[in-house]
Amino acid sequence: MLDRITAPEIKKIEKVSYIEPEVRTLSNGMKVLGFNIGSQEVIQLEFNFYSGSKYQEKSLIAGYVSKMIGEASSNYASGEIMDKIDYYGAFLQSGSDRDMSHVTLFTIQKQLKYVLPVFAEALSKPTFPERELSIHLKNGKQNYKVENEKVGYRCRQLFTELLFKNHAYGKLADEATYDEVNSSMLIKFYKRMYSASNGLIVVAGKFDDSLYSQLEKEFGSIPVGENKRSFQKVVSSKAEKVYEEKLGAIQSGIRIGKVLDVQYGSDEFFKLQILNTVFGGYFGSRLMSNIREDKGYTYGIGSAITSMEDAMFFFLSTEVGADVTNEALKEVYFELDRLRDELVSEEELVMVKNYMLGSMLKSSDGPFSMADKYKAVYFKGEDLSFYDRYISMVNNVTSEELLEVAKKYFDPEEMLEVVVGKK
Amino acid sequence: MIKFEKFTLENGLTVIVHEDKSTPIVAFNILYDVGARDEDESRTGFAHLFEHLMFGGSSNIPNFDNPLQQAGGSSNAFTSNDVTNYYDTLPVQNLETAFWLESDRLNKLAFTDKSLEVQRSVVIEEFKQNYLNQPYGDVWLLLRPLAYKDHPYKWATIGKEIKHIEDATMEDVKIFFYKHYTPQNGILCVAGNVTVEQIKELSKKWFGPIETREKYVRELPVEPKQRELRKLEVERDVPSDALYMTFHMASRMDKRFYLADMLSDVLSRGKSSRFTKRLVLEKHLFTELDAFILGSSDAGLFVISGKPKEGVSLEEAYAEVRLELEILQKELVTEYELQKIKNKMESINIFGEMSVLNKAINLCSFELLGDAQMINQQMDNYTSITPRDLQEEAMEIFKEENCSVLFYKAKK
C-alpha cells in the first residue's frame, strides 16, 4: 500500500549558478555586457540609460521619451519604423522607472541583421513629432482618468506622494500635466540623457562574436555625452494615517509602509528580505494565510521591499471588501506586532528558506533572467558576490536575528497608512 | 520542434513527457477537462470556485502549498470556460513532491467546511475586485449573454452572479469532484531535465492506484446561428465611453479558426497594425482599439473593443470600425502584410519555447484538443493561408447579422 501521508524526501538546493557577462566597450565609450548563454535562437538587446523620472523637469517626460522611441526618426516618417520592426517579427519594448529608462529589442537570431539597422535608427535619431505626442497625451489623460477610478491605483498614487513628499520620487503626474508637456521638452531630455556615457548595453541570448562588431557599426556613433547620474538619498518617511473616501466603493485599497534606512546588500538588508517573505512575500506568507486563507477578506495581499537608487522602502498592499476594511486593518497590525513579539518557528523558517532558494533558482533560469539578475545588482554598485552572500544568509539566518530586525524596522508607529474606499 | 513522449495509465490518465536538459527547473502541469461550460446554469462560477478548493487540502495532506514551498516550489492554476489547469514549478530534484501532492488531491479532496467557507469569500472578493469595483469590469458579464443564447459560454468563468457562489454547498462540491476530477479527464505533462522512464515510474507509483471513475460525457447545446444584429446600451459611472463588438467564429479544431486568428492580427497585432495605425494614430478617433479572438474549444468569439476619443460618439466609432471590416471584405490583404504576420508568429513560437512551463501547458492543451503533436503543426496552419482565404473569411465572419454590439456609455 502506497504511503500517501509521508512527504517524499526533499533535497536541498545546493547552489544557484550565476554567470559573469563578457564586457566590451564601443568606440564612443558605451559599455556592452554580453550574456551568450541561451539554447534558443533568440536575442534580447537592451539599452539602459540613467534617465529615469527623477531627472525630468516635469512629470511624464522621461516616460514619453522612452515610449516614443521607435515611432518616428530623421529618415523614417511616423509608423515606418514600427512597420519594419513588426515585419521582421521583432518586438520593441521600452519604459522608464524612477531611476532608469530602457529601450529593448527582442528578435529571433536569423532576423537580427535586418532589424538591427532599423533599431539603430529608431534609437539614435528619434524626432518626437508634436502631433503624435499630442495623441499620446490625450490617450494618456483619458487612461489616467480610468485608472484613477480604481481604489488600488489611487491608493498607490497617494501613498507614493506622501512617502516621498520632498523628493522627485513623490512628484506624480495629475490630469493637468498631460496638457503641459510638449515635443521640445522631450527632445531636450533625450539629447541630455540618451548618450553613450550615460548608458549601458546589455545583450542576452544566443549569438556569435560578430554581434559586437555589428553593435559597433550601428551604435558606435551615439554621442559620447556625459554621465548625468546623481543621487539624493531619502532616509525616512513620515508616519500618518490617511483615509480618502470613495463613494460607492465596494472594496477599499490599503497600503502601509515606510522608508528604510538600510544599506543595499548589507546583512540587515538580506535579513529584512527574509523577514518580508515570512510576512507577505509569498503565497504561504502570514498576510495571505491570515487575511485571505483564514478570513477570506481579500483576493490577494502581499508585501515587498523595493530598492531604488535614492531610497529603500517596505510596503504591503491589498484590496479588501469595504465592509471588512477595519477588520482587515486590525489583522494587518496584528501580524506586524506578531513579527515583533514572537520568534518565527523553526518549521516556518525552513519553509521560507527553501521557498526562497527555489525562487532564486527559478529567477535566474535562462539568458534573459540571468541578464536581469546581473543588472539588478550591477546598477546598485554590487557584483555577483551579492547573491553568494544572499544565499549564505538565507541558509544561516536565525529566528533571533529576524526578531531583532523586525523590532528595529517594522514598528507600526513609524508606518504610513493610506486607505482609499469606504470604511 | 518540441519533442515529447506520451503514454496512458491503466486508469485513463494521459501523461506527456518533454525533456529539456537546459534548465534546473521542472514544470508539472495537469489539466482537467472541465470548465465553466460544464456548469449548471443555476450554479455558475463553480468550476472556478472548485479550482480554489483544490488548494484547501486533500485527504492525506492538510495543506497543499506548504509542502510544495518546503520543496522550493510554487504553484498556481487557472480556470477558463473550457478547462481547469494546475501547474507547479520546482527544482527538478524535488519533482516527486509534485507527484505526491497532485495525486493526493485527485485521489480525494479533504472537503473541509472551513475551506469552502473561506474560499467562497475569497472568490466573492475576486468577483468584486475584477468585475464590479473596476471601471468596465462588468463588460464580459454583459457581452457573453448578448452573444450566446443557448451555449453555456453565455456566462463568464467567475459566474453569473455572486449569489451562485454564496449558495454553493458541500454536497455540490462533492458531486462536482467525483463527476469531473477523474483520471480519464486529466492530462499531465512533465517538462524539464527528466527521463521518460523516470516519469513512467513516478506516474505509476502516485497516480496508478487512483480508481477509474465514471466517464463524464459532455453534451452541450449548440449555439443557433445568429440572424440579426444585436445591440445593447448601458450607462455606467466610468470616465469615457467604450465600444465592444463580438462576432461568432469557428471552433478551435476548425481550419477557419486560423483565418479568424490571422484577421485579428491584421487588425491589431503590433503598432503597425491597421487599427493602431489608421484609427488610433492617423485619424485619431480612438485612444485604444483592439481585435482579438477567444480561442475557445467550441465555436468562439471574435472580439473588437475600443475607447473612442473624447468627442467621438459611439455611433461614429462603430461606423469607422465597420469601414475597416468592409475593407477586409472588399480588398485583399497585401502579401507584405501577410508575411509580416507570419514572421511575427514565427518569433512568438520560438520565444514561447523558452519556458518549460509554457511548453507543458501548451502540450496539455493540444492533447485535450485531440493530439499533443499539433503543437508542432501550428505554424503550417498559418503559413499556408492566402490573402484570398482571409477575404472569404472576412465576408463570412463580419456580416452585420453575425455581430453583437455593446455601447458602454459614460454617465454624464
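The structure this text deals with has already been given above.
My aim in this report is to walk through the structure given alongside it, one point at a time. (Residues numbered from 1 in each chain as written. Chains lettered and ligands numbered in written order. Predicted model: local features only at pLDDT ≥ 70, side-chain atom pairs only at ≥ 80, totals over all residues. Heavy atoms only, no water.)

Side note on the pairing of strand E11 (residues 403–410) of chain B
Residue and element names in this part refer to chain B.
Phase 1: Extensive coverage of E11 is indicated by the burial of seven of its eight residues.
Phase 2: In the sheet, strand E8 (residues 242–248) pairs with E11 via six bridges, with the strands oriented antiparallel. The partner of Ala 242 across the bridge, within E11, is Tyr 408. (Buried < 20%, exposed > 50% of the residue type's maximum accessible area, 1.4 Å probe, protein only. Helix = DSSP H or I, 4+ residues; strand = E, 2+ residues; numbered from the N terminus. Pairing = 2+ DSSP bridges.)

As for the interface of chain A and chain B
How big an interface is tends to be stated in terms of accessible area lost as the parts join.
Phase 1: Contact with chain A, which involves 72 residues of that partner, is made by 73 residues of chain B.
Phase 2: Where chain A abuts chain B, roughly 6300 Å² becomes buried across the two surfaces, and 57% of that area is made up of carbon and sulfur atoms.
Phase 3: When the area that chain A buries against chain B is broken down by residue, the three leading residues are Arg4(A), Tyr87(A) and Tyr299(A), summing to 13%.
Phase 4: Connecting chain A to chain B are six salt bridges.
Phase 5: Put simply, Asp294(A) and Lys114(B) hold a salt bridge, and the shortest N to O gap is 2.6 Å.
Phase 6: On inspection of chain A and its partner chain B, the count reaches 35 residue pairs in polar contact (both at pLDDT 80 or more).
Phase 7: Mapped onto the side of chain A that touches chain B, the elements with two or more residues apiece are strand E3 (42–49), helix H2 (80–87), strand E5 (101–108), helix H4 (130–148), strand E9 (298–307), strand E10 (312–321), helix H11 (346–363) and helix H12 (367–378) of chain A.
Phase 8: In terms of residue count, H11(A) provides more of the side of chain A that touches chain B than any other element does, nine residues in total.
Phase 9: For the side of chain A that touches chain B, the per-class residue count stands at 31 nonpolar, 16 polar and 25 charged. (Contact = heavy atoms within 4.5 Å. Buried area = accessible area lost by both parts, 1.4 Å probe. Salt bridge = Lys/Arg side-chain N within 4 Å of Asp/Glu carboxyl O. Polar contact = N/O pair within 3.5 Å; in protein donor to acceptor, adjacent residues only side chain to side chain. Nonpolar A, V, L, I, M, F, W, Y, C, P; charged D, E, K, R; others polar.)

Considerations on the packing of aromatic side chains
Centre distance and the angle of the planes are the two values used to describe a pair of aromatic rings.
Residue and element names in this part refer to chain B.
Phase 1: Going through the model one piece at a time under the given rule, you end up with 62 aromatic pairs over all chains.
Phase 2: The interplanar angle of 45 degrees and the centroid separation of 5.3 Å between the aromatic rings of Phe 46 and Phe 176 together place this pair among those described as tilted. Of this pair, Phe 46 sits in helix H1 (residues 46–53) while Phe 176 sits in helix H7 (residues 170–180), placing them 130 residues apart in sequence. For the residue pair Phe 46 and Phe 176, the accessibility class agrees, reading buried in each case. (Phe/Tyr/Trp six-rings, centres within 6.5 Å; stacked < 30°, edge-to-face > 60°.)

A closer look at the environment of Glu22(A)
All names here are of chain A.
Phase 1: With respect to the element layout, Glu 22 can be found in strand E1 (residues 22–25).
Phase 2: Classification of Glu 22 as partly exposed rests on a relative accessible area of 30%.
Phase 3: C-alpha separation for the pair Glu 22 and Met 288, spaced 266 residues apart in sequence, amounts to 42 Å.
Phase 4: The residues contacting Glu 22, other than those within four sequence positions of it, are Val 32, Leu 33, Gly 34, Asp 209 and Tyr 212.
Phase 5: At 3.3 Å, the side chain of Glu 22 forms a polar contact with the side chain of Tyr 212.

A short note on the nonpolar core
Burial of nonpolar side chains together is a common tendency in soluble globular proteins.
Phase 1: Membership of the largest hydrophobic core comes to 126 residues, with the highest contact counts inside it found for Leu45(A), Phe47(A), Leu186(A), Phe219(A), Leu272(A) and Phe410(A).
Phase 2: A domain split of this core shows at least three residues from each of domain 1 (22–219) and domain 2 (241–421) of chain A.
Phase 3: Residues in contact with Phe47(A), not counting those within four places in the same chain, are Met30(A), Ser101(A), His102(A), Val103(A), Phe119(A), Leu123(A), Leu200(A), Ile201(A), Phe219(A) and Ile222(A).
Phase 4: Counting 56 residues, the second-largest nonpolar core is a separate cluster that includes Tyr32(B), Leu49(B), Leu68(B) and Leu109(B). (Core = buried A, V, L, I, M, F, W, Y, C linked by side-chain atoms within 4.5 Å. Domains from an automatic or database assignment.)

Here's the deal with the side chain of Asn139(A)
Phase 1: Take Asn139(A): it is sitting in helix H4.
Phase 2: On the accessibility criterion, Asn139(A) (12% relative accessible area) is buried.
Phase 3: Among the polar contacts made by the side chain of Asn139(A), one reaches the main-chain carbonyl oxygen of Thr287(B) at a distance of 3.3 Å.
Phase 4: Beyond its immediate chain neighbours, meaning those up to four positions away, Asn139(A) contacts Val280(B), His284(B), Phe286(B) and Thr287(B).

Examining the side chain of Gln111(A)
Phase 1: Structurally, the position occupied by Gln111(A) is in the loop between E5 and helix H3 (112–124).
Phase 2: Of the residues examined, Gln111(A) reaches a relative accessible area of 9% and is grouped as buried.
Phase 3: If we skip the residues at most four places from it in the chain, Gln111(A) touches Tyr88(A) and Asn343(B).

Describing the pattern of salt bridges
Phase 1: This model, assessed by the stated rule, comprises 63 salt bridges over all chains.
Phase 2: With its nearest N and O atoms 2.6 Å apart, the salt bridge here joins Asp167(B) to Lys163(B).
Phase 3: By relative accessible area, Asp167(B) is classed as partly exposed at 41%.
Phase 4: Under the relative-accessibility criterion, Lys163(B) is labelled partly exposed at 45%.
Phase 5: In this structure, the salt-bridge partner of Glu396(B) is Lys399(B), at a minimum N-O distance of 3.3 Å.
Phase 6: For Lys399(B), a relative accessible area of 32% gives the class partly exposed.
Phase 7: Through salt bridges with shared partners, a single network forms among Lys54(A), Asp99(A), Arg229(A), Glu309(A) and Asp310(A).

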